[in-house]
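Understanding the architecture of this molecule
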Amino acid sequence: MRRIARGVLGLVLSIGLGVMGNQAGRADQPATAGEESLVKFTCYLSASKLSVNEPIDVLVVVKVQDGWHINSNPAKPDYVVATEFKVVSSEGTTLEKVTYPKPEEIQLDGFDEPQHVYSGEVAMFGKLKANPQSAGKIEQLEMQLHYQACNEEKCLPQGKLVFRGKVPIANVGEVVDVQNQKVFEKYRPKKPTPAESNP
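Attention in this report is confined to the structure presented alongside it. (Residues numbered from 1 in each chain as written. Predicted model: local features only at pLDDT ≥ 70, side-chain atom pairs only at ≥ 80, totals over all residues. Heavy atoms only, no water.)

1. Things to note about the pattern of salt bridges
Summed over the entire model, instances satisfying the criterion amount to seven salt bridges. Here E84 makes a salt bridge to K86, at a shortest N to O gap of 3.9 Å. Looking at E84, the relative accessible area reads 33%, which means it is partly exposed. Across the salt bridge formed by K137 and E91, the nearest N and O atoms sit 4.0 Å from each other. Of this pair, K137 sits in the loop between β10 (121–129) and β11 (138–147) while E91 is found in the loop between β6 (84–89) and β7 (94–99), placing the two residues 46 residues apart along the sequence. Assessed through its relative accessible area of 23%, E91 is described here as partly exposed. (Salt bridge = Lys/Arg side-chain N within 4 Å of Asp/Glu carboxyl O. Buried < 20%, exposed > 50% of the residue type's maximum accessible area, 1.4 Å probe, protein only. Helix = DSSP H or I, 4+ residues; strand = E, 2+ residues; numbered from the N terminus.)

2. Here's the deal with the pairing of β10
As defined by bridge partners, strand β4 (residues 56–64) adjoins β10 across eight bridges and the pair is classed as antiparallel. Bridge pairing in β10 places L59 opposite F125. Note that β7 and β10 share four bridges and pair antiparallel. Bridge pairing links T99 to F125 in β10. (Pairing = 2+ DSSP bridges.)

3. Observations regarding the sheet that holds strand β12 (residues 149–150)
Here four strands make up an open sheet; going across it, the order is β8-β9-β5-β12 and the pairing antiparallel. The two strands at the open ends of the sheet, each matched to only one other strand, are β8 (104–106) and β12.

4. Examining the side chain of N151
Here N151 lies in the loop between β12 and β13 (159–168). A polar contact of 2.8 Å, which involves the side chain of N151, links it to the backbone nitrogen of E153. One polar contact links the side chain of N151 to the main-chain amide nitrogen of K154, over a distance of 2.8 Å. If we ignore the near neighbours within four places in the chain, the residues touching N151 are G67, W68 and H69. (Polar contact = N/O pair within 3.5 Å; in protein donor to acceptor, adjacent residues only side chain to side chain. Contact = heavy atoms within 4.5 Å.)

Right, here's the structure in full:
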């Protein structure tokens, strides 16, 4: 199954890039792919433009319909299909340092060992680094979420959600405006306080 959403990622990225979604929008408005599927995802960018000076953050919020789950990354058992976030670009922007959430552990009939999965709402983080040779250009990004949805009775074929949008690339030395900071703070894992670390 493959669902594609298209949008314009502008000063506020949209797709969840500013927020990229399945509607065209500004970069500061989220965009979501997979509205009618068991799994949907929204992407948010931490800046209004891609930067050639240093990577900007990308946040991916995945929502799984109640009663279903998707496999963790890395997958456990290792023979099931792992969930994976990927980016394809026209101007050489690369996705780096993707961090996946801590999975929950479940025991399903037919499996000899516990399975690591994601359910409900989970967040993934990564960094986008623009190609220095593409400074000042418009990047066309394709955000992809690869996954396999399962419930207690069955697993569906591997799915793929796609959102395509355009994002400006800043010039060399240009300072980019930050955005979506409250959203990043909401989903970023909290660091334990000294009291929590040393009960």
